[in-house]
Amino acid sequence: MPEQVLNVTVQGMDRGFRYTGSYDEVNVGGMPLDDVLRLIDYIAGFTYPPNYKEDDLCPIGVFIEGWGANLLIYYYGSGSFGVRIIDYVSSSDIFLEESAGAEKVKDYVRRFFVSRSSVEELLGPEPLREYFITVLREFCEDDLFGERTCVERQTTATVSMESIAGVSTPSIVRVEVRRGGFLRKPKLTIYYSSTKGSGVVEYKLPNNDAAERAYRAINAVIPGKVSMR
């Protein structure tokens, strides 16, 4: 039986796995499992340079593609990793681990390499999955002269059985996702009601692809309460 090979892309490294700090993604090509496991061990022993700032230098990322999904591994330094899985079949986007050591990461890699069924096992039962959607939030800061500057930046919001974009899921009455148009950003509107009161939470979305993803993710958690226009 031939050895399973999956496509690997790295970020912050070149094809020889030397650290560059570049945000450009570099496609390494097909790699067998054992080579990927050795790469994880190698990265776990890496120390970022003393002047390291994420704004200037990209952290190391290893992205493994297979079975209609991507396993994304981010190296935070000091042997700590984050592990995320994006599944294009079910439109799931889940952080499996926020802080994992090399051995735990290698276990995820081994499981991901097996088959489509193993990807489904990593994702877990659909009602229990945690999704991440992209929204726009306003960030403001004051300069030395007291002038305030505000900019919209993309950030992630969690969708789960506990909460959706910061709103308690059981309190949500309905959700509207509106596609964008000429000079109009897509919008996510959440209507909620609880013993503490009722209200509305709104988010702008960066584009219509993000709107489609938000609709699918929220509808997976609270089917029947989401509409899209």
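Predicted model, so just to flag it, every value in this text is computed and none were measured.

Caption draft 1: Representation of the environment of Tyr 131. Here Tyr 131 shows up in strand β7 (residues 131-142). Counting along the chain gives 83 residues from Tyr 131 to Ala 214, while the straight-line C-alpha distance between them is 9.1 Å.

Caption draft 2: Spotlight on the layout of surface pockets. Its boundaries defined by the atoms lining it, the largest pocket holds a volume of some 520 Å³. Gln 11, Pro 59, Phe 63, Tyr 74 and Arg 84 are the residues nearest the centre of the largest pocket, which is lined by 20 residues in total. Broken down by secondary-structure element, the contributors of at least two residues to the lining of the largest pocket are β1 (5-11), β3 (61-66) and β4 (69-77). Here the lining of the largest pocket gets five residues from one element, more than from any other, and that element is β4. By volume, the second largest pocket is sized at about 210 Å³. What lines the second largest pocket is a set of 14 residues, among which Asp 93, Thr 134, Asp 209, Ala 210 and Arg 213 lie closest to the centre. Broken down by secondary-structure element, the contributors of at least two residues to the lining of the second largest pocket are β5 (80-87), β7, β8 (148-159) and α4 (208-221). Partitioned by chemical class, the residues of the lining of the second largest pocket number six nonpolar, four polar and four charged.

Caption draft 3: Summary view of the sheet that holds strand β6 (residues 92-100). Spatial ordering of the open sheet is given by β2-β1-β3-β4-β5-β6, a layout of six strands whose pairing is antiparallel. Either end of the sheet is taken by a strand with one partner, and the two such strands are β2 (25-32) and β6. Each neighbouring strand pair of the sheet contributes to a mean axis angle of 20°, computed without reference to strand direction. One ladder, built from six bridges, connects β3 with β4; its direction is antiparallel. Among the inter-strand pairings, Phe 63 is bridged to a residue of β4, identified as Leu 72. The strands touched by helix α1 (residues 33-44) within the sheet are β1, β2, β3, β4 and β5, with β2 carrying the most contacts at an inclination of about 130°.

Caption draft 4: Just the packing of helix α2 (residues 102-114) against helix α3 (residues 116-123), in detail. Their axes nearest at 5 Å, the elements α2 and α3 cross at an angle of 135°. Of the possible angle classes, the one that applies to α2 and α3 is oblique. Contacts from Tyr 108, Arg 111, Phe 112 and Val 114 in α2 reach Ser 118, Val 119, Glu 121 and Leu 122 in α3. Of the residues in the contact of α2 with α3, the class split is five nonpolar, one polar and two charged.

Caption draft 5: Layout of α4. If you check α4, its first and last C-alpha atoms are 20 Å apart, about what 14 residues at 1.5 Å a residue would give, namely 20 Å. Within α4, the full set of buried residues consists of Ala 210, Ala 211, Ala 214, Ala 217, Ile 218 and Val 221. Summarising the axial view, the buried residues of α4 lie within an arc of 135°, below the 170-degree limit, and thus occupy one face. Between a side-chain oxygen at the N-terminus of α4 and the backbone nitrogen of Asp 209 the separation is 3.2 Å; the capping residue is Asn 207.

Caption draft 6: Structural context of the environment of Val 8. Tracing the backbone through its elements, the reader meets Val 8 in strand β1. On a C-alpha basis, the gap between Val 8 and Asn 27 in space is 6.3 Å, while along the polypeptide they are 19 residues apart. In this structure Val 8 touches Val 26, Asn 27, Val 28, Gly 29, Met 31, Val 36, Val 62, Phe 63 and Ile 64, once residues within four positions along its chain are discounted.

Caption draft 7: Structural view of the pairing of β6. As judged from the six bridges shared by β5 and β6, these two strands associate in the antiparallel manner. The residue of β6 that forms the bridge with Ile 85 is Ile 94. As consecutive antiparallel partners, β5 and β6 are separated by four residues, and within that stretch Ser 91 has a phi angle of approximately 60°, a positive value.

Caption draft 8: Molecular detail of unusual backbone geometry. Here Ala 165, not a glycine, exhibits a phi torsion of approximately 50°, which is positive. Within the secondary structure, Ala 165 sits in the loop between β9 (163-164) and β10 (167-168). The phi angle at Leu 183 is positive, at roughly 65°, despite the residue not being glycine. Structurally, Leu 183 can be placed in the loop between β11 (172-178) and β12 (187-194). What makes Leu 183 exposed here is its relative accessible area of 79%.

Basis of the calculations
Residues numbered from 1 in each chain as written. Predicted model: local features only at pLDDT ≥ 70, side-chain atom pairs only at ≥ 80, totals over all residues. Heavy atoms only, no water. Helix = DSSP H or I, 4+ residues; strand = E, 2+ residues; numbered from the N terminus. 1 Å grid on protein atoms, 1.4 Å probe; cavity = no way out; pocket = protein on both sides within 12 Å on 5 of 7 lines; lining within 4 Å. Points joined across faces, edges and corners; volume = space filled by probe spheres on them. Nonpolar A, V, L, I, M, F, W, Y, C, P; charged D, E, K, R; others polar. Pairing = 2+ DSSP bridges. Axes fitted to C-alpha atoms, helices over the stretch in contact; angles between N-to-C directions. Contact = heavy atoms within 4.5 Å. Parallel < 35°, antiparallel > 145°, perpendicular 65-115°, else oblique. Expected span 1.5 Å × (residues − 1). Buried < 20%, exposed > 50% of the residue type's maximum accessible area, 1.4 Å probe, protein only. Arc of directions from axis to C-beta. Polar contact = N/O pair within 3.5 Å; in protein donor to acceptor, adjacent residues only side chain to side chain.

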